[in-house]
Amino acid sequence: MSNEIEIGRGKRGRRAYSFDDIAVVPSRRTRDPKVVSLGWQIDAFQFEIPVIGAPMDSVMSPATAIALGNAGGLGVLDLEGLWTRYEDPAALFEEIAGLDPEDTTSRMQEIYREPIKDELITARLQEIRAAGVVVAGALSPQRTQEHYATVVKAGVDLFVIRGTTVSAEHVSDGAEPLNLKKFIYDLDVPVIVGGASTYQAALHLMRTGAAGVLVGFGGGAAQTTRTTLGIHAPMATAVSDVAAARRDYLDESGGRYVHVIADGGLGRSGDIVKAFACGADAIMLGAALARAEEAPGAGYHWGPEAHHPVLPRGERVHVGTHGTLDELLFGPGTSADGTSNLMGALRRSMATTGYSDLKEFQRVDIVVSPYQAG
């Protein structure tokens, strides 16, 4: 049966689903939450929880990356952010949080015009390494060739190339584009790339040798990609499609497993549950962690799209402060809105539906039940 809908006589469109449109279904078995495992592994690195802190200034500082690493997750530092442009950006974080909404974009563009400094990239990554946690940093595709040598020399364990959308094939008549396959082959560290939202795009990224693929763009709390570029990828369908690419690439490559990491639209614990149900191996959290007391944004959240020098397609949004990082991840929860005890909610959902680990939970039954507000 076709999943296409006629938009008009000259155009048809595929129906796609967001996390709000679906729900997981209990099986014949339930489990004690205490016996449920949330661990996952990428390359040689094992983690107690499948949480990656998004490389966004409002979410990850060296200190919060260390705190998330100590909590069992992985913090990824934005190597094009304030921490690599300014020796001490504390006053700038405070200023951004207090900006009038009408002035926010223009002022942030000014702040982020300060050049990135290789010595600060090195210093920030070494600070994280000194704490004894896994070190991860992110660059955009446009900046990767300029700074990757500094990143690798500083001792990064995992390298992330993250943009609104990242393709294995970029056509340009200007600067020489990044050759992902050659770049990844030449590196000595695992590389996570994205975003991607379709089967074919993800399959091409997997063929470059990437260890993980980030799924999603245009759906994050601080992005306006849908309104500025008209691009949007409902996340339930996107994660499921990329998980299918992972399965087919596993056969094509003779057993090479590429991790699927949901990135966007994961503001609450129910969304996190559904991301794994659709096939994710791990999740990258932005707004959900920006609500922590330790988060640099002080209750505000923004990404690199918010200060793009030519075409801003993001906003500084107020997400509030809902508790410590530990409370947001492990509880105890103080509200029933899905913003705290995120891992407790995931563990309980897996137990309630009868699954003992994340790989098993990817097989959980799902129903389509479009959510109607109000």
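On a predicted model such as this, the values are computed, not experimentally measured, just so you know. (Residues numbered from 1 in each chain as written. Predicted model: local features only at pLDDT ≥ 70, side-chain atom pairs only at ≥ 80, totals over all residues. Heavy atoms only, no water.)

Draft legend 1. The overall build of the chain, seen in detail. Counting its secondary structure elements, the chain contains 14 helices and 16 strands. Here the chain has a C-alpha radius of gyration of 20 Å; the compact-globule value for 374 residues is 21 Å, and the two agree. Considered along the principal axes of its C-alpha atoms, the chain spans approximately 55 × 50 × 45 Å. Across the 374 residues in the chain, those meeting the buried criterion constitute 53%. Within the chain, counting contacts between residues at least 6 apart in sequence, those at least 24 apart form 65% of the total. Accessible surface, the chain: about 17100 Å² in total, of which carbon and sulfur atoms supply 48%. In the chain, the 34 positive side-chain charges and the 46 negative ones have mean positions that sit 8 Å from each other. (Helix = DSSP H or I, 4+ residues; strand = E, 2+ residues; numbered from the N terminus. Rg over C-alpha atoms; globule rule 2.2 N^0.38 Å. Buried < 20%, exposed > 50% of the residue type's maximum accessible area, 1.4 Å probe, protein only. Contact = heavy atoms within 4.5 Å. Areas by Shrake-Rupley, 256 points an atom, 1.4 Å probe, with all protein chains shown as cover. Lys, Arg positive; Asp, Glu negative; His and termini not counted. Charge placed at Lys NZ, Arg CZ, Asp CG, Glu CD.)

Draft legend 2. Fine view of the sheet that holds strand 8 (residues 136–139). The parallel closed barrel is built from 8 strands, whose spatial order is 6-7-8-9-10-11-12-13. Across the sheet, the mean angle from the axis of one strand to that of its neighbour is 25°, orientation sign disregarded. Each of strand 12 (259–263) and strand 13 (282–285) touches helix 10 (residues 269–277); the most contacted strand, strand 13, lies at about 145° to it. (Pairing = 2+ DSSP bridges. Axes fitted to C-alpha atoms, helices over the stretch in contact; angles between N-to-C directions.)

Draft legend 3. Up close: the layout of surface pockets. Estimates place the volume of the second largest pocket at around 220 Å³. Around the second largest pocket sit 13 residues that line it, and Y17, I22, A236, T237 and S240 are the ones nearest its centre. Only helix 9 (235–252) and strand 16 (366–368) provide two or more residues apiece to the lining of the second largest pocket. In terms of residues, the lining of the second largest pocket owes the most to one element, helix 9, which gives 4 residues. Tallied by class, residues from the lining of the second largest pocket come to 7 nonpolar, 3 polar and 3 charged. (1 Å grid on protein atoms, 1.4 Å probe; cavity = no way out; pocket = protein on both sides within 12 Å on 5 of 7 lines; lining within 4 Å. Points joined across faces, edges and corners; volume = space filled by probe spheres on them. Nonpolar A, V, L, I, M, F, W, Y, C, P; charged D, E, K, R; others polar.)

Draft legend 4. Examining the packing of helix 4 (residues 118–130) against helix 5 (residues 141–154) more closely. The contact between helix 4 and helix 5 brings their axes to 9 Å, and the two run at 30°. In terms of axis orientation, helix 4 runs roughly parallel to helix 5. Helix-helix and strand crossings are classified by hand; for helix 4 and helix 5 the assignment is right-handed. Residues D118, I121, T122, L125, Q126 and R129 of helix 4 pack against H147, T150, V151 and A154 of helix 5. By residue class, the composition of the contact of helix 4 with helix 5 is 4 nonpolar, 4 polar and 2 charged. (Parallel < 35°, antiparallel > 145°, perpendicular 65-115°, else oblique. Left-handed = near helix turned anticlockwise from the far one by under 90°.)

Draft legend 5. Broad picture of empty space enclosed by the protein. Applying the stated criterion across every chain yields a total of 1 cavity of 30 Å³ or more. Roughly 30 Å³ of volume is contained in the largest cavity. Forming the boundary of the largest cavity are V59, M60, T64, L289, A292, E294, A295 and L325.

Draft legend 6. Representation of the pairing of strand 1 (residues 4–8) in the model. Examined bridge by bridge, strand 1 and strand 2 (residues 11–14) share 4 bridges and lie antiparallel to one another. Residue E6 lies in a different strand from strand 2, and its bridge partner there is R12. Two successive antiparallel strands, strand 1 and strand 2, enclose a turn made up of 2 residues.

Draft legend 7. How the structure looks around the pattern of salt bridges. The full count for this structure, using the stated rule, is 16 salt bridges. With its nearest N and O atoms 2.9 Å apart, the salt bridge here joins K182 to D186. With K182 and D186 both in helix 6 (residues 180–186), this residue pair falls 4 residues apart, about one helical turn. Exposure remark for D186: the relative accessible area of 45% places this residue in the partly exposed category. (Salt bridge = Lys/Arg side-chain N within 4 Å of Asp/Glu carboxyl O.)

Draft legend 8. Region of interest: the packing of aromatic side chains. Across all of its chains, the model carries 6 aromatic pairs by this definition. For the pair W83 and F93, a centre-to-centre distance of 5.7 Å together with 35° between the ring planes defines the contact as tilted. Separated by 10 residues along the polypeptide, W83 in the loop between strand 7 (74–78) and helix 2 (90–97) and F93 in helix 2 bring together distant segments of the chain. Note on W83: relative accessible area 18%, which makes it buried. The exposure class assigned to F93 is buried, which follows from its relative accessible area of 6%. Judged by centre distance (5.8 Å) and plane angle (70°), the rings of Y355 and F361 are edge-to-face. (Phe/Tyr/Trp six-rings, centres within 6.5 Å; stacked < 30°, edge-to-face > 60°.)

Draft legend 9. Representation of the side chain of D57. Along the chain, the position of D57 falls in the loop between strand 6 (51–53) and helix 1 (62–70). Among buried Asp, Glu, Lys and Arg side chains, D57 stands out as unpaired, with R85 the closest opposite charge at 6.4 Å. In contact with D57, other than residues within four places in its own chain, are D78, G81, L82, W83, F93, Y112, P296 and W302.

Draft legend 10. Geometry of a negative patch on the surface. Where like charges cluster on the molecular surface, the negative patch consists of E87, D88, D118 and E119. You can see D118 is positioned in helix 4. (Patch = residues over 30% accessible without salt bridge, like charges linked within 9 Å, V, L, I, M, F, W, Y side chains within 5 Å.)

Draft legend 11. A look at a nonpolar patch on the surface. A cluster of nonpolar side chains, L229, I231, V310 and L311, forms an exposed patch at the surface whose accessible area comes to about 340 Å². Note on placement: L311 falls in the loop between strand 14 (300–301) and strand 15 (317–318).

Draft legend 12. Local environment of the environment of A131. Locating A131 in the fold gives a position in the loop between helix 4 and strand 8. Considered as a pair, A131 and I66 are 65 residues apart in the sequence and their alpha carbons are 6.7 Å apart.

Draft legend 13. The arrangement of the nonpolar core in detail. Membership of the largest hydrophobic core comes to 115 residues, with the highest contact counts inside it found for V51, V239, I283, L285, L289 and L346. The dominant element in this core, judged by the number of residues it contributes, is helix 9, at 7 residues. Residue contacts for V51: discarding those within four places in its chain leaves W40, L68, G73, L74, I283, L285, L289, L329 and M343. (Core = buried A, V, L, I, M, F, W, Y, C linked by side-chain atoms within 4.5 Å.)

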